[in-house]
There are 2 protein chains.
Amino acid sequence: MSDQIQLSLQQVRELSEGILLYNGFSLDHAQSITDTIYACQQDDCQSHGLYRLLMCIESIRSGRVDGSAEPSVTDAGPSVVKANANQGISLLALRAGMPLLIEKAKKNGIAAMAINNCFHFSALWPEVEVLSSAGLAGLAMVPSHAWVAPAGGTRGTLGTNPLAFSWPRIGKHPFTFDFATSQFARGEIELYRRAGKPLPEGVAIDKQGNPTTDAEAAMQGAMLTFGGYKGSALSIMIELLAGPLIDDLTSKESMEFAQGKPEAPYHGEIIIAFDPHMFSAGQVGKNNERAERMFADIIEQGARLPSQRRYQARERNKASGYVSMPKNLYEDLLALKK
Amino acid sequence: MSDQIQLSLQQVRELSEGILLYNGFSLDHAQSITDTIYACQQDDCQSHGLYRLLMCIESIRSGRVDGSAEPSVTDAGPSVVKANANQGISLLALRAGMPLLIEKAKKNGIAAMAINNCFHFSALWPEVEVLSSAGLAGLAMVPSHAWVAPAGGTRGTLGTNPLAFSWPRIGKHPFTFDFATSQFARGEIELYRRAGKPLPEGVAIDKQGNPTTDAEAAMQGAMLTFGGYKGSALSIMIELLAGPLIDDLTSKESMEFAQGKPEAPYHGEIIIAFDPHMFSAGQVGKNNERAERMFADIIEQGARLPSQRRYQARERNKASGYVSMPKNLYEDLLALKK
């Protein structure tokens, strides 16, 4: 298709690092950000691939993100790692703290890492997949900006608050999911607005707190959580565990901090790691088979495990060495180096 | 109302313990089961109060529950407690393991308890509220029986898989929720069937895997998760964390084990405890205020926090010293002592 362009995986890496370095990120930041963008682009996860550089560069150009912030990792307790991003993008702090998180999880059975004072723009699945690559199960949660109303409410209080989970499968890609607790992603509503299309029911409310299918009214009003009051409760849990628990901002505080600027939100993140070896008293093989029987039962009935499309794209793109992306996005990215 | 009966809280305790002892439970089991039943009845949580004794007694009369099983608690790792119920009801194992879980969470920041080889019939919120009473945040998950289809599937694979969370609020009842990841509880569908009422859309599928609003067809087919593919992913996560992770049964294995008997399901449970003191580096007061601002923002817009109705019932029933329950249930309970 003429509106698509092919880039080699090597070009993806070079383009990303080049843009980040040109705009003032240190080499460490450029590399850690690029690792995640590369992983997303390799899986055809367009919404969190090179596209995210636009927001990332906006955040450093506004002067609020520190492009050379050195994260500090603290051993905050036998099973707790604190990784302070010191006003940098979250990913270098994540990379800095991950080895200690993995070590603590394997030593103690369960451990958690709090990333504090970070700007956050990235998909969570690459983060929990680092844990499952190490043989651990991982659960990650972050707040965002207060665009989402609680069940029964009339205005934005909660973030889109994604939750990602990964389970290691022996000899296979992990079982991984990563979803926003809002019914729709913010960007999806924006796409409906641009296309002048009505939203489905149950996705948003207007400024007065009434249900709306008008995407423009939804952008002015608030989004709704998935799954009614249950999704809303889960979203509040994410606010608490990735905010007040770890001494960091709620989505509402994060939004106030941003003062209306279209930057990456500034807040914390929590990642929990579980060691199947310790929890099962060494019975990992038997329990891997038990999990596999469940996955097989799901697949046999025609249901899909999450992330399968992503894994197929990964195989395909790794084999060809190329990914494709919209040409106009590529042009927008090139402009970031001018 | 003439179809209701008033019992004093003391009578609730005596009735429950009396029935349990009469049917062969040891004093320890009778007391630990009664503690939870009493807490539920005190909160007017009828579905998990004295009513649950019917299932509990059915389970011991069939000879599969060991009414005098001694749980064994193992210090399975610096942050892991294993409480083996040894074919007893879960609650004595829970009680036996809880002090070590709390101690480990306070010492290490995060800790988890796996309860294994237990029959399970009880609400999870009293369990996580034990943690929030100790100043910890708590998260509990259990599988059940494979009545629920995964998103896009045609048959039961997943349990109703409840998830409960509690957050300690200084000087207030905790923020607690406890929900099934199925759209409806199994008992609700049964109530629709008895009443001959059609189910809402999106709650169940029939034996052929087609959507149905016929409650009888739903009982023969499968229930659906809340929140579509997101709720389904969450339910699979609960299967993994409360099953293969901890070397215990999935909902499908639990259902096979039951061989069609209407007993309490037999499987495991996982409870995770977080210490706000360690995660916030001692900033509990400041972060309690931060959480309270979020709760206030939710309440101000007319939304309800979960569990508020329950807490109101608790205040009212503690003050009066009496609870009310259906007369015919009371008569069914008395019959358990004959």
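Since we're looking at a predicted model, the values are computed, not measured.

(A) Here's a closer look at the overall build of chain A. Along chain A, the regular secondary structure elements total 13 helices and 13 strands. Relative to its length of 338 residues, chain A is compact, with a C-alpha radius of gyration of 20 Å against a globular reference of 20 Å. Each principal axis of the C-alpha distribution contributes one length, and for chain A these read about 55 × 45 × 45 Å. The contacts of chain A with a sequence gap of at least 6 include a subset with a gap of at least 24, amounting to 68%.

(B) Here's a closer look at empty space enclosed by the protein. This model, assessed by the stated rule, comprises one cavity of 30 Å³ or more. In this structure, the largest cavity occupies an estimated 40 Å³ of space. Forming the boundary of the largest cavity are A:Leu139, A:Met141, A:Leu163, A:Met237, B:Leu139, B:Met141, B:Leu163 and B:Met237. Counting only elements with at least two residues in the lining of the largest cavity, the list comes to strand 5 (137-141) of chain A together with strand 5 (137-141) of chain B. A breakdown of the residues in the lining of the largest cavity according to their chemical character gives eight nonpolar, no polar and no charged.

(C) Molecular detail of the nonpolar core. One finds A:Phe274 and B:Phe274 to be the most contacted residues of the largest nonpolar core, which totals 92 residues. Apart from residues no more than four positions distant in its own chain, B:Phe274 is found in contact with A:Leu241, A:Leu245, A:Ile270, A:Ile272, B:Gly109, B:Ile110, B:Leu136, B:Ala137, B:Leu139 and B:Phe279.

(D) Spatial organisation of the relation of the copies chain A and chain B. Superposition of chain A onto chain B requires a rotation of 180° combined with a translation of 0.0 Å along the rotation axis, giving an RMSD of 0.0 Å. When the rotation and shift are considered jointly, the pair of chain copies conforms to a two-fold rotation axis. Among all C-alpha atoms of chain A, that of A:Gly227 lies closest to the rotation axis, at 2.0 Å.

(E) Quick look at the domain arrangement of chain A. Residues and elements named next belong to chain A. According to the domain assignment, chain A contains domain 1 (1-61 + 308-338) and domain 2 (70-182 + 225-306). The gap between the C-alpha centroids of domain 1 and domain 2 is 23 Å. Counting from both sides, the interface comprises 25 residues of domain 1 and, opposite them, 21 residues of domain 2. In total, domain 1 and domain 2 occlude about 2100 Å² of area from one another, counting both sides; carbon and sulfur atoms represent 60% of this. On the domain 1 side of the contact with domain 2, His29, Gln308 and Tyr311 bury the most area, a combined 26% of that side's loss. Across the domain 1-domain 2 interface, the total number found is three salt bridges. A salt bridge links Glu129 to Arg310, with the shortest nitrogen-to-oxygen separation between them at 3.1 Å. Along the contact surface separating domain 1 from domain 2 lie 10 residue pairs in polar contact (both at pLDDT 80 or more). Elements represented by at least two residues in the side of domain 1 that touches domain 2 include exactly helix 2 (27-42), helix 3 (53-61) and helix 12 (308-320). Ranked by residues supplied to the side of domain 1 that touches domain 2, first place goes to helix 2 with 10 residues.

(F) Broad picture of the interface of chain A and chain B. Taken residue by residue, the interface counts 74 residues in chain A and 74 residues in chain B. Roughly 5900 Å² is buried in total at the junction of chain A and chain B, and carbon and sulfur atoms are behind 70% of that figure. Remark: the boundary between chain A and chain B carries 14 salt bridges. Salt-bridge contacts for A:Arg155 lead to B:Glu300; the nearest nitrogen and oxygen are separated by 3.5 Å. Our count for the contact surface shared by chain A and chain B stands at 35 residue pairs in polar contact (both at pLDDT 80 or more). Looking at the side of chain A that touches chain B element by element, the count peaks at 10 residues for helix 11 (residues 284-300) of chain A.

(G) View of unusual backbone geometry. Residue and element names in this part refer to chain A. Positive phi is not limited to glycine here, since Asn86 has a value of about 50°. Along the chain, Asn86 falls in the loop between strand 3 (80-84) and helix 4 (90-108). Overall, Asn86 belongs to the partly exposed group, its relative accessible area being 25%. Positive phi is not limited to glycine here, since Gln87 has a value of about 70°. Relative to the assigned elements, Gln87 resides in the loop between strand 3 and helix 4. What makes Gln87 partly exposed here is its relative accessible area of 33%.

(H) Examining the state of the cysteines more closely. All chains considered together, the criterion is met by zero disulfides over all chains. Left without a disulfide partner, B:Cys40 is nearest to the cysteine sulfur of B:Cys45, which lies 4.4 Å away.

(I) Layout of the environment of B:Arg169. Residue and element names in this part refer to chain B. With respect to the element layout, Arg169 can be found in the loop between strand 7 (163-167) and strand 8 (175-179). Residues Arg169 and Thr157 lie 12 residues apart in sequence; the distance between their C-alpha atoms is 37 Å. Those residues in contact with Arg169 that lie beyond four places of it in its chain are Pro174, Phe175, Asn288, Glu292, Phe295, Leu305 and Gln308. A distance of 2.7 Å separates polar atoms of two side chains, one belonging to Arg169 and the other to Glu292.

(J) Up close: the pairing of strand 5 of chain B. Residue and element names in this part refer to chain B. The buried count for strand 5 comes to five of five residues, which makes it a mostly enclosed element. Side-chain alternation along strand 5 places Ala137, Leu139 and Met141 on one buried face and Gly138 and Ala140 on a second face that is also buried. As defined by bridge partners, strand 5 adjoins strand 12 (residues 266-274) across five bridges and the pair is classed as antiparallel. Among the inter-strand pairings, Ala137 is bridged to a residue of strand 12, identified as Phe274. Across four bridges, strand 5 lies against strand 7 in antiparallel orientation. Its bridge partner lying in strand 7, Leu139 is registered against Phe165.

About the thresholds
- Residues numbered from 1 in each chain as written.
- Chains lettered and ligands numbered in written order.
- Predicted model: local features only at pLDDT ≥ 70, side-chain atom pairs only at ≥ 80, totals over all residues.
- Heavy atoms only, no water.
- Helix = DSSP H or I, 4+ residues; strand = E, 2+ residues; numbered from the N terminus.
- Rg over C-alpha atoms; globule rule 2.2 N^0.38 Å.
- Contact = heavy atoms within 4.5 Å.
- 1 Å grid on protein atoms, 1.4 Å probe; cavity = no way out; pocket = protein on both sides within 12 Å on 5 of 7 lines; lining within 4 Å.
- Points joined across faces, edges and corners; volume = space filled by probe spheres on them.
- Nonpolar A, V, L, I, M, F, W, Y, C, P; charged D, E, K, R; others polar.
- Core = buried A, V, L, I, M, F, W, Y, C linked by side-chain atoms within 4.5 Å.
- Buried < 20%, exposed > 50% of the residue type's maximum accessible area, 1.4 Å probe, protein only.
- Least-squares fit on C-alpha atoms with pLDDT ≥ 70 in both.
- Domains from an automatic or database assignment.
- Buried area = accessible area lost by both parts, 1.4 Å probe.
- Salt bridge = Lys/Arg side-chain N within 4 Å of Asp/Glu carboxyl O.
- Polar contact = N/O pair within 3.5 Å; in protein donor to acceptor, adjacent residues only side chain to side chain.
- Disulfide = S-S within 2.5 Å.
- Pairing = 2+ DSSP bridges.

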